[in-house]
Every structure is written in structure tokens, then in C-alpha cells.
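# Observations on chain architecture
Chain residues, written in single-letter form:
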Amino acid sequence: MIIRKRIDLEGIVQGVGFRPYVFRLATERKLAGVISNTSSGVTVEVEGSAEAVDEFVSRLPQEPPPLARIIQFEVAVIPCRGESDFRILPSRREQHVQTLISADVATCADCLAELFDPADRRYGYPFINCTNCGPRFTIVRDIPYDRPSTSMAEFRMCAECQSEYGDSRNRRFHAQPNACWCCGPQLELLDINGIRIECADPLAATAERIIAGQVAAVKGLGGFHLAADATNAEAVRRLRERKHRVEKPFAVMVPNLATAEGFCQIDPISRQLLTSMQRPIVLLPWKRPNAIAAGVAPGNNYLGLFLPYTPLHHLLFAETGARALVMTSANLSEEPIVIGNGEAVERLKPLADCLLVHNREILLRCDDSVMRVSAGRPRQLRRSRGFVPVPVFLHRAVPSILAVGGELKNTICLTKGKYAFLSQHIGDLENFESYRFFEEAIAHLRKILEIEPVVVAYDLHPDYFCTRWALEQQGMELVGVQHHHAHIASCMAEHHLEGRVIGFALDGTGYGTDGRIWGGEVMVAGYEDFHRAAHFDYVKLPGGAAAIREPWRMAVSYLAHHFGAECAGLDIPFVRGLDPRKLQLLLNMMERNLNSPLTSSCGRLFDAVAALAGVRQAVNYEAQAAIEFENAIAEPAGEDFYPLNIKLSDAGPWIIDTKPLFVELLDDLCRQVPVPIISAKFHQGLVEVFARIAQQIRERDQLNRVCLSGGTFQNRFLLERLQQRLSGLSFEVFAHSEVPAGDGGLSLGQALVAAHRPR
Ligand SMILES: [Zn+2]
Ligand SMILES: [Zn+2]
């Protein structure tokens with residue numbers, strides 16, 4: 001019997017080699033029919049024997065091209081047409097196509113084989129790519145995603161490339177960045193003044209300089225990297241000095257997995273992440289001793305490793321023979337990553353010794369993504385290159401919303417239907433360059449995603465630049481969202497939850513509805529609203545931002561809070577180590593309430609305890625004290641914990657009282673209990689008190705689902721222990737994986753809260 005079926009597919013099915021895939025599948029089975037792009041995906045019609053058609057339908061979703069992602073799949077029986085062949089219908093120009101643009105993809109195995117094959121016409125060509133790999137998001141100027149609307153437009157394909165591009169059976173059929181030595185982008189080596197250095201092979205010349213200990217600025221996929229030999233302590237030191245980056249770890253690229261295994265302990269999930277087509281930086285425990293200079297990640301037990309993801313990277317390793325290269329975003333401290341050649345010469349002059357550039361323009365900056373495995377799952381710390389603009393898939397459609405995120409580690413989010421498009425990492429908006437990038441990213445994403453937002457969602461903090469920007473927007477509904485509510489909503493959205501949950505939102509800073517600085521919040525929340533169920537007792541933040549940079553101030557604040565001014569006489573190493581005048585000054589300042597706002601921040605509690613334990617009195621990057629304090633834990637960590645009190649109340653939120661913790665901590669400090677034990681007891685004290693709070697809320701409100709969100713949950717020990725403890729109590733526990741737990745995931749939650757605001 002001859003039948004005809006129509007299959008409607010939605011998801012990432014355009015520009016990823018889907019049509020040639022379907023063509024092959026149909027012709028192999030001698031089926032007739034057509035395939036065409038539609039406004040929301042692809043439609044396939046096949047006609048033939050019932051057996052062959054059904055076999056085709058079941059095979060279709062099984063082995064799609066690597067970049068494809070099928071979200072919706074619907075099949076219908078339709079009347080036969082008596083066609084005899086299978087045809088790919090061209091996209092009609094006038095037809096409105098809603099395409100999901102793919103993220104940038106690491107060089108595939110086929111291209112890699114050609115790259116190192118002396119007989120191949122693309123042997124050694126640094127821009128080799130195909131339908132399954134190469135740049136996407138970072139070269140898109142406009143939609144539809146076709147060559148003329150990418151930065152490949154100015155390169156006219158040679159006859160050979162053109163024939164590959166036009167051949168539906170070829171791996172490069174409609175590969176928009178398709179190019180070769182004859183017709184594509186080329187490398188160039190520049191000195192720090194932007195003057196071209198004449199050389200036969202710019203790549204080899206750059207490699208020579210790196211081996212000699214120089215820092216090379218290398219133009220990559222989403223921006224420039226600063227590259228230096230990671231095993232050369234002097235080169236690493238120089239890079240650090242020039243970048244004004246005191247201790248924050250550098251990411252290290254290694255040529256292959258085998259080399260990575262030599263430097264770090266790699267679990268099976270991390271191994272998959274390292275070799276995935278997204279190629280994120282993965283945080284891994286160091287193996288010591290090893291050849292990488294200690295200055296790469298001082299005082300840190302983890303090293304951020306990643307593998308080459310462009311042909312240029314592969315060639316650079318082949319040329320240098322290096323085992324490890326520092327590959328850090330080319331920027332000065334917290335500024336956005338550099339993308340333009342001219343911009344590079346201007347901004348990287350103080351940082352690099354030479355620049356390896358090319359003439360394919362990067363249209364969208366996109367930093368490397370950073371991930372880490374904890375509690376047995378991959379966790380996004382910075383969701384950027386390789387993942388953007390692949391949407392987070394929502395469980396139900398929402399209006400078109402623009403959510404502008406938070407002040408630090410900013411991302412924005414645009415929603416459309418069931419898609420939530422999180423932007424790449426934008427950075428800290430207090431920096432002017434980042435703020436410009438923020439505006440650029442909004443405009444560009446709106447254009448290529450074709451989203452006209454009707455609502456703008458923003459954080460309640462009146463001084464955030466993104467909030468001010470939002471409040472200036474005209475013709476759109478404005479919805480303010482409390483910071484920690486957004487965190488919980490973000491976690492709920494990622495897990496497709498509805499209704500109400502118990503939410504733990506733990507981080508450094510977020511503006512509260514009482515005007516105070518929240519950060520240790522337990523909420524009963526849904527998308528619509530939240531109720532503040534419990535929080536850490538308010539303490540003073542002496543000196544505001546200065547107290548964030550100098551954890552010793554928080555230690556003094558907590559001591560004064562619990563033990564009064566007499567704390568100055570405590571006989572513990574921390575107090576003995578302080579300058580008595582500085583201590584008195586700080587106590588006076590708090591006494592007179594000068595520049596000492598109140599905070600319930602969990603991050604600051606970490607700072608205080610880390611400082612008291614002698615881990616760190618001042619930090620050089622965000623959360624450094626907490627990270628080092630967590631790193632201090634030695635497994636097995638035992639079960640001891642510091643006690644914390646819950647002060648129940650019917651009137652307001654319950655208060656988590658830290659006094660018993662500090663009493664016992666002081667006792668331990670007097671007895672010179674080692675830091676690893678203090679750290680473990682502190683972490684486990686939090687786990688215990690949170691577990692008790694969750695049980696109390698469950699009893700009161702009959703809720704059994706717990707969401708964990710906020711930057712503090714990037715702490716692996718805390719996340720693992722708390723998840724374990726809550727699961728042991730039969731709670732359903734949800735933590736972030738696809739979206740960062742920190743402020744990089746905030747915009748998603750803002751969008752979801754705004755979507756549920758009654759209108
Ligand atoms: Zn390829
Ligand atoms: Zn060519």
C-alpha cells in the first residue's frame with residue numbers, strides 16, 4: 001500500500017544540515033516527497049510503501065545532524081500525490097522564517113582529519129569548517145541565517161567551495177562559513193602598534209614567540225585571547241602583571257584529553273564536557289606536582305581547563321608543541337572581551353607582545369563558557385560560547401519579555417513562546433565598556449531573534465545600571481522583580497516547575513523589599529509572588545563595598561554583633577593580628593551607624609568566618625575568601641557541625657541566629673582547631689539549619705519541593721551535602737544545571753516572574 005505522511009518539526013532544524021540528512025534518509029528508502037523550511041522549523045512529506053514510510057518516520061528523530069535539536073515532532077497522514085522523486089524546496093524569500101540560530105561549534109572530527117592531511121586542499125587552513133562545525137552565532141549580522149547576512153559575506157566562494165556548498169550530498173552543503181585557502185579569511189601577524197610583520201607563516205611566527213615566553217593576542221571565535229606558555233612561570237607572571245589581575249585564576253587550553261588527564265583529575269562527566277562540541281572551560285582538581293606554573297591559579301585547588309575548539313587552536317598546538325597555553329579573555333580586568341582588529345591594537349597594546357589576527361569579523365562578542373561538575377551533574381558557571389543562543393526551553397508559552405538581569409555577571413533574557421533566550425555573559429555593568437556591550441547585546445539579540453518585547457523586567461535595586469536603563473524604556477510595561485525571587489524563579493523555570501516551592505536563595509548581595517541588602521533568604525515562592533519565610537539575622541556591613549573587598553570587616557561586624565565592643569579584647573589569633581586602631585575605627589563606625597547598611601547576606605557570613613579562621617582578610621576577586629574556605633575542606637570531612645538557632649515567629653520571617661555558631665567557633669579558634677575542620681563544621685552547620693527550616697516549612701505549608709539558587713550554590717561542598725541531606729528527608733530537590741546559579745541566571749527568573757504578573 002502506498003501512503004503519504006507529513007512530519008512537522010520544530011527546534012534547531014535549519015542551517016544545521018537537516019535537509020541533506022532528510023534527503024539521504026528518504027532517497028535511501030526510495031521515498032518520494034519534499035522537504036521545506038517553514039516559519040517555525042521544517043516540514044517533510046514522504047510518499048511510498050507504508051512500511052518504508054513508517055520506518056522513515058521512526059528513524060528521522062534518531063540520528064539528526066549533531067547541531068540539530070528537535071523539540072516538537074508531529075506526524076499526519078495526508079493524501080498521496082503520485083510523485084516519483086524527493087526534492088528539497090528552496091526557502092522562499094518572502095516567507096517569514098523563525099529560525100533558531102545555532103551556537104558556535106568546535107571543529108568536528110572530519111574537518112580535523114582534513115586539516116592535518118597533507119593531501120587535502122584545506123591542509124593547515126585555520127578556518128576550515130563544515131555544516132557540523134564552525135562559527136555561527138558570532139558571525140551573524142542579521143536573519144535569515146544565510147551567507148550574505150554573516151561576516152562571511154565579503155568572501156566570495158571559489159568554484160570548488162561553491163560546488164560543495166551547492167551539493168546536497170556534501171558535508172558543506174549550505175555551510176554558510178564555508179571557505180578555503182583560495183577564497184576565505186587569512187591570518188596576519190601584527191606588532192603591538194598594529195604594523196604587519198612580514199612572514200611566510202604568521203601562525204608559525206606566533207608560535208615561535210609564544211615558545212620564547214611572549215604573550216600573543218590571538219583572535220578567536222568570540223573574541224581575542226591572550227595566549228602564553230602556561231608552563232613558563234615568568235610568562236604567566238608577566239601576563240598577570242599586565243592584566244592587573246592579582247590572583248584570579250587563568251583558564252588553560254591543552255591540546256587533547258590525554259594531556260588534560262596529566263594535569264587534573266577528570267571524572268567521566270567532566271571528560272564529556274571537555275570533549276563536547278561546546279568545549280567549555282571545565283573546573284577540575286589539580287594533580288600536583290605538575291608542569292603548569294603555580295601562578296596560573298594561585299591558592300586554588302581547581303584549574304580551568306579546555307580543549308581546542310577552532311582549527312586555529314589545533315594548529316597553534318601543532319606549531320608550538322606546547323602542552324598547555326594560558327588562554328585568557330583579552331581584556332583589562334573586568335572589561336568586555338576584545339573582538340575587533342583595530343580595537344585589539346588599541347586596547348591590547350599594554351597587554352600583548354604581538355597580535356595574531358584575521359579578516360573574518362567577529363560580530364558578537366562571546367566569552368568562553370565555564371562549567372563544573374558537582375553532585376554528579378554538570379553546572380553552568382558562565383553560560384556563553386557554545387550555548388548561546390540556544391534557548392532554554394520553557395514548559396509553557398510566555399509573552400515576549402526582555403529581562404535585563406543584575407549588575408554583576410550580567411546576562412539578559414528575551415522570551416518568545418516557549419523559548420527563553422539567555423544572552424552570552426555580558427559582565428559587570430559598573431564598567432562603562434560592559435554597559436555599552438549590554439546595550440549592543442540587547443539590540444542585536446532583538447534583531448536576530450526577531451523579538452519585540454512588550455514587557456521589560458528588571459531588578460529592584462535603584463542604582464543598578466540595567467535597572468535605570470529599564471526604567472527609561474517607553475511603550476513597554478515595566479515589571480520590577482526582587483533579586484532572590486528571580487533566583488528561585490530561574491531554578492523553577494529550568495526544571496519546568498509550577499505552583500509553590502521552598503526556595504533557598506543564597507548569595508552576596510540583592511536588594512530587599514525593605515531596602516536592606518538581602519542574601520541569605522529562605523522563601524516560599526511561586527512565579528506570581530513570594531513570601532520571605534526565613535533569613536539570616538541582619539548585621540552591619542561596615543564601609544559598604546569596602547566590607548565586600550575586606551572580609552576582616554565582616555568578621556569584626558559579626559563579633560561586635562554577638563559580643564559587643566568587648567570583642568576587641570578577645571584572645572584569638574584574628575583579633576591579635578589586627579591593627580588595634582583599625583579595629584577601633586571600625587567599631588566606632590558601626591557604633592555611630594556610619595556607612596554601615598544592614599545585610600542578611602550568606603556570602604558575607606562566609607567571609608566573616610573565613611577571615612576569623614585566618615583564610616583571608618582581603619580579596620582580589622569576587623567570592624575569593626569563600627572559595628578558598630571551601631577548598632580548605634579535607635575529605636572525609638566528618639559529620640560535626642556548628643549549631644545555629646531558628647527564631648520562629650508568627651508575625652514576620654523566622655530569623656536564623658548565628659550566635660551559637662560564633663560561640664563555638666571562638667572556642668575552636670582558642671583551641672587552635674585546624675582550618676579544614678572549622679570549614680567543614682561551618683558548611684555542615686548551614687546544611688543542618690537549612691534542613692531544619694525546610695522541615696518546619698513543610699510541616700506548616702505542606703510543600704515538599706526545594707529549589708536551591710544563588711551564587712553560594714556554586715560551592716560544591718554545600719550543594720552536595722545539602723542536596724543529600726534534603727533528599728534523605730524525602731524532599732524533592734532542584735538545583736541549577738543548564739543555567740548558572742549565580743547572577744548569570746537572574747534574567748531568566750525575572751522574565752518568568754514578569755510573565756506571571758497579572759495584567
Ligand atoms: Zn566540520
Ligand atoms: Zn574556496
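For the structure, check the block above.
Residues numbered from 1 in each chain as written. Chains lettered and ligands numbered in written order. Predicted model: local features only at pLDDT ≥ 70, side-chain atom pairs only at ≥ 80, totals over all residues. Heavy atoms only, no water.

Attention now moves to the overall build of the protein. For the protein, the helix and strand inventory stands at 23 helices and 29 strands. By the compact-globule yardstick of 27 Å for 759 residues, the protein fits well, its C-alpha radius of gyration being 28 Å. Seen along its three principal axes, the alpha-carbon backbone of the protein occupies a region of about 90 × 60 × 50 Å. Within the span of the protein, comprising 759 residues, buried residues form 61% of the whole. By sequence separation, contacts in the protein at least 24 residues apart represent 71% of the contacts at least 6 residues apart. (Helix = DSSP H or I, 4+ residues; strand = E, 2+ residues; numbered from the N terminus. Rg over C-alpha atoms; globule rule 2.2 N^0.38 Å. Buried < 20%, exposed > 50% of the residue type's maximum accessible area, 1.4 Å probe, protein only. Contact = heavy atoms within 4.5 Å.)

Donor atoms from the polypeptide that coordinate the zinc ion (ligand 2) comprise Cys158 (SG), Cys161 (SG), Cys180 (SG) and Cys183 (SG), at 2.2 to 2.4 Å from the metal. One can describe the donor arrangement at the zinc ion (ligand 2) as tetrahedral, given that its 4 donor atoms subtend angles of 104 to 116° at the metal. We note that the donor set of the zinc ion (ligand 2) lies within a single chain, spaced as C-x2-C-x18-C-x2-C. Among the residues examined, Cys180 registers a relative accessible area of 1% and is labelled buried. Assessed through its relative accessible area of 9%, Cys183 is described here as buried. (Donors = N, O, S within 2.8 Å, 3.2 Å for Na, K, Ca; no water. Tetrahedral: all angles 85-135°; square planar, octahedral: opposite > 155°, others 65-115°.)

For the rest of this paragraph, the subject is the side chain of Asp459. As for its placement among the helices and strands, Asp459 is situated in strand β19 (residues 455-459). We note that Asp459 is buried and unpaired, the nearest opposite charge coming from Arg757 at a distance of 11 Å. Within the local environment of Asp459, its side chain forms a polar contact with the side chain of His483, the two groups lying 3.0 Å apart. With sequence-adjacent residues up to four places away left out, Asp459 is seen in contact with Gly405, Tyr464, Thr467, Val481, His483, Tyr511, Leu746 and Gln750. (Lys, Arg positive; Asp, Glu negative; His and termini not counted. Salt bridge = Lys/Arg side-chain N within 4 Å of Asp/Glu carboxyl O. Polar contact = N/O pair within 3.5 Å; in protein donor to acceptor, adjacent residues only side chain to side chain.)

Let us look at the nonpolar core. Counting residues in hydrophobic clusters, the biggest one holds 99 residues, and the most contacted among them are Val44, Phe56, Val404 and Phe438. At 8 residues, the largest contribution of residues to this core is made by helix α11 (residues 432-449). Apart from the residues within four sequence positions on either side, Val44 is in contact with Lys5, Arg6, Ile7, Leu9, Val22, Val34, Ile35, Phe56 and Phe86. (Core = buried A, V, L, I, M, F, W, Y, C linked by side-chain atoms within 4.5 Å.)

A word on unusual backbone geometry. Residue Arg288 is joined to Pro289 through a cis peptide bond whose omega torsion reads -5°. Take Pro289: it is sitting in the loop between β10 (281-285) and β11 (302-306). Its identity is not glycine, yet His174 carries a phi of approximately 55°, on the positive side. Residue placement: His174 occurs in the loop between α4 (159-166) and β6 (187-191). Positive phi outside glycine occurs at Gln702, with the angle close to 55°. Judged by relative accessible area, Gln702 falls into the exposed class, the value being 64%.

The next point concerns the packing of aromatic side chains. Going through the model one piece at a time under the given rule, you end up with 16 aromatic pairs. Pairing Phe393 with Tyr419 gives two aromatic rings, centres 5.5 Å apart and planes at 75°, and the pair type is edge-to-face. Placement of the pair is Phe393 in strand β16 (residues 392-398) and Tyr419 in strand β18 (residues 413-422), with a sequence separation of 26 residues. In terms of burial, Phe393 and Tyr419 fall into one category: buried. Members of the aromatic cluster, joined through ring pairs, are Tyr435, Phe438, Phe465 and Trp469. Against the face of Tyr309 rests Arg385, its NZ or CZ located 3.5 Å from the ring centre. When the ring centre of Trp518 is taken as origin, the NZ or CZ atom of Arg532, which lies over that ring, is 3.7 Å away. (Phe/Tyr/Trp six-rings, centres within 6.5 Å; stacked < 30°, edge-to-face > 60°. Lys NZ or Arg CZ within 6 Å of the ring centre and 35° of its normal.)

Bound to the zinc ion (ligand 1) are the protein donor atoms Cys108 (SG), Cys111 (SG), Cys130 (SG) and Cys133 (SG), situated 2.3 to 2.4 Å from the metal. Taken together, the 4 donor atoms coordinating the zinc ion (ligand 1) span angles of 104 to 119° at the metal, a pattern that classifies the geometry as tetrahedral. The motif formed by the donor residues of the zinc ion (ligand 1), counted along the single chain, is C-x2-C-x18-C-x2-C. Taken together, the residues Cys108 in the loop between β5 (86-88) and α3 (109-115) and Cys130 in the loop between α3 and α4 connect sequence positions 22 residues apart. With a relative accessible area of 14%, Cys108 lands in the buried category. Cys130 gets classed as buried once you look at its relative accessible area, which sits at 0%.

Tallying each qualifying case throughout the model produces 51 salt bridges. Linking Arg500 and Asp529 is a salt bridge whose minimum nitrogen-to-oxygen distance equals 3.2 Å. Of this pair, Arg500 sits in the loop between α13 (483-494) and β21 (501-511) while Asp529 sits in the loop between β22 (517-525) and β23 (530-536), placing them 29 residues apart in sequence. The exposure class assigned to Arg500 is partly exposed, which follows from its relative accessible area of 36%. With a shortest N-O distance of 2.8 Å, Lys681 and Asp668 are connected by a salt bridge. Taken together, the positions of Lys681 in helix α21 (residues 675-701) and Asp668 in helix α20 (residues 659-670) put the pair 13 residues apart, joining distant regions of the chain. Asp668 sits in the buried class, given a relative accessible area of 1%.

By secondary structure assignment, the location of Met157 is in the loop between α3 and α4. The exposure class assigned to Met157 is buried, which follows from its relative accessible area of 13%.

Here α20 contains 12 residues, and its C-alpha end-to-end distance of 17 Å stays within 8% of the 16 Å for a straight helix at 1.5 Å per residue. Listed in full, the buried residues belonging to α20 are Leu661, Phe662, Leu665, Leu666, Asp668 and Leu669. Summarising the axial view, the buried residues of α20 lie within an arc of 160°, below the 170-degree limit, and thus occupy one face. On its buried face, α20 sits against α15 (551-563), α16 (573-576), α18 (602-612) and α21. Just downstream of α20, Gln672 is the residue with a positive phi angle, here 55°. (Expected span 1.5 Å × (residues − 1). Arc of directions from axis to C-beta.)

Turning next to the sheet that holds β5. One open sheet accounts for 5 strands, arranged β4-β1-β3-β2-β5; its pairing is mixed. Of all the strands in the sheet, the pair left with one neighbour each is β4 (69-78) and β5. Each strand axis lies, on average, 15° off the axis of its neighbour in the sheet, ignoring direction. Bridge analysis of strand β2 (residues 32-37) against β5 gives 3 bridges, and the strand direction is parallel. Paired with Ile35 across the strands is Ile88, a residue of β5. Strands in contact with helix α1 (residues 18-28) are β1 (2-12), β2, β3 (41-49), β4 and β5; relative to β5, the strand with the most contacts, it is inclined by about 175°. Across the sheet, helix α2 (residues 50-59) lies against β1, β3 and β4, angled at about 155° from β3, the strand it touches most. (Pairing = 2+ DSSP bridges. Axes fitted to C-alpha atoms, helices over the stretch in contact; angles between N-to-C directions.)

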